[in-house]
Amino acid sequence: MFQFFKKYQKPLFEGLCDMHNHLLPSIDDGSKDIAMSSKMLEGYLALGFTSVIPTPHVYQELYPNTPETVKDAFGNLSKHCLKEESVKVPSYGAEYMVDEVFMKNLESGIPELLLKEKYILLEINFFGATAMLESACFQLQQKELRPILAHPERYHLMENVATYKALKNKGFYFQLNALSLLGHYGPQVKQKAEKLLQAGLYDFVATDAHHPQHLKTLQSLRLSKKQGLMWEGIREFQLDRFS
Ligand SMILES: [Fe+2]
């Protein structure tokens, strides 16, 4: 009788690489210092992740990071935090804000902070429209890069599945914030994440962790059996590309 509500039993993050997070210390609104980054690494280990690629914000207005500032923060983390038995942090990327500055820079060159040398993680303002995204997507593909849209469920102006499908048809990959399924960003974002998951629109899943509590909160994530099947597809896709 309660078949529909059966829970998905497998570990959710075992073996995965977290490809969106703010683990690097003192560089954006994520980890404040080395001690906090160390705590986050413990959190990753507890969840079963095997590796992490940090993606600090690159956003001219608030976090004007450059390849140099990110490289320095990565060096700091590598020197003080990484231990043999801990999760691996093999490289770094960024979470680029798509704004006028990003578009201007795109005209003159190729962004340097990539994931696995070919993916680029993008975000827009939470109340932003999709027009600039579409243009960015087109130009990035011309440069043989594959854009990944971070947490599509969090953008307020994208309301229906058709809007998302149109964006995917342009060539975007979608990355789910696992915290969205726990209602961490509010009930509407949760509902949208569930809808996009059910529609099979996500390609990747990540924590977008800014501090250790985010990772602790994820310990309580449970999926229905139906959601688990979709999650399994995302996991396989991700393991193939971020191992
Ligand atoms: Fe983020």
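Parameters at a glance
- Residues numbered from 1 in each chain as written.
- Predicted model: local features only at pLDDT ≥ 70, side-chain atom pairs only at ≥ 80, totals over all residues.
- Heavy atoms only, no water.
- Helix = DSSP H or I, 4+ residues; strand = E, 2+ residues; numbered from the N terminus.
- Buried < 20%, exposed > 50% of the residue type's maximum accessible area, 1.4 Å probe, protein only.
- Contact = heavy atoms within 4.5 Å.
- Pairing = 2+ DSSP bridges.
- Axes fitted to C-alpha atoms, helices over the stretch in contact; angles between N-to-C directions.
- Parallel < 35°, antiparallel > 145°, perpendicular 65-115°, else oblique.
- Left-handed = near helix turned anticlockwise from the far one by under 90°.
- Nonpolar A, V, L, I, M, F, W, Y, C, P; charged D, E, K, R; others polar.
- Salt bridge = Lys/Arg side-chain N within 4 Å of Asp/Glu carboxyl O.
- Right-handed = clockwise from strand over helix to strand, strands pointing away.
- Donors = N, O, S within 2.8 Å, 3.2 Å for Na, K, Ca; no water.
- Tetrahedral: all angles 85-135°; square planar, octahedral: opposite > 155°, others 65-115°.

Student: So what exactly am I meant to see when it comes to the environment of Asp18 here?
Tutor: Tracing the sequence through the fold places Asp18 in strand S1 (residues 17-18). With a relative accessible area of 0%, Asp18 lands in the buried category. Expressed as a C-alpha distance, the spacing of Asp18 and Ser51, which sit 33 residues apart in the sequence, is 6.4 Å. If sequence neighbours within four positions are ignored, Asp18 has contacts with Tyr44, Phe49, Ser51, Val52, Ile53, Ala206 and Thr207.

Student: What's the story with the sheet that holds strand S6 (residues 146-150) in this structure? I'm lost.
Tutor: Spatially, S3-S4-S5-S6-S7-S8 is the arrangement adopted by the six strands of the open sheet, whose pairing is parallel. Of all strands in the sheet, those bounded by a partner on one side alone are strand S3 (57-58) and strand S8 (204-206). Each of strand S5 (119-123) and S6 touches helix H4 (residues 131-142); the most contacted strand, S6, lies at about 150 degrees to it.

Student: Mind showing me how you'd approach the packing of helix H6 (residues 187-198) against helix H8 (residues 225-241) here?
Tutor: Packed helix pairs are characterised by how far apart their axes lie and by the angle those axes make with each other. Here H6 crosses H8 at 70 degrees, and the two axes come no closer than 9 Å. Viewed along their axes, H6 and H8 adopt a mutual orientation that is roughly perpendicular. The way H6 lies across H8 gives a crossing that is left-handed. Each of Glu194, Leu197 and Gln198 in H6 lies in contact with H8, whose residues at this interface are Lys226, Gln227, Met230, Trp231 and Ile234. A breakdown of the residues in the contact of H6 with H8 according to their chemical character gives four nonpolar, two polar and two charged.

Student: Before we go on, may I ask you to explain the pattern of salt bridges in this structure?
Tutor: Should their charged atoms come close, side chains of opposite charge can pair. Evaluation of the coordinates by the stated rule reveals six salt bridges. The partner of Glu134 in a salt bridge is Lys170, with the nearest N and O atoms 4.0 Å apart. With Glu134 in helix H4 and Lys170 in helix H5 (residues 161-170), this pair connects stretches of sequence that are 36 residues apart. The partly exposed category is assigned to Glu134, whose relative accessible area is 28%. Of the charged contacts, one joins Asp203 and Lys168 as a salt bridge, the two residues approaching to 2.7 Å between their closest N and O atoms. With Asp203 in the loop between H6 and S8 and Lys168 in helix H5, the pair connects residues that are 35 residues apart, well separated along the chain.

Student: Can you help me understand the pairing of S5 in this one?
Tutor: Successive side chains on a regular strand alternate, one facing one side of the sheet and the next facing the other. Buried residues dominate S5, accounting for five of its five residues. Burial of S5 is two-sided: the residues Tyr119, Leu121 and Glu123 facing one way and the residues Ile120 and Leu122 facing the other way are all buried. Bridge analysis of strand S4 (residues 95-97) against S5 gives three bridges, and the strand direction is parallel. Its bridge partner lying in S5, Tyr96 is registered against Leu122. Between the parallel elements S4 and S5, the chain passes through helix H3 (residues 100-108) in a crossover that is right-handed. One crossover worth recording links S5 to the parallel S6 by way of H4, and it is right-handed.

Student: Even after reading the chapter, I still don't get the coordination of the iron ion, so can you show me in this structure?
Tutor: For a metal with four donors in a tetrahedral arrangement, the ideal angle between donors is 109.5 degrees, while six donors in an octahedron ideally sit at 90 or 180 degrees. The iron ion binds to the protein through His20 (NE2), His22 (NE2), Glu95 (OE) and Asp208 (OD); the donor distances cover 2.1 to 2.3 Å. Each of the four donor atoms bound to the iron ion contributes to angles spanning 83 to 169 degrees, and the resulting shape is irregular.

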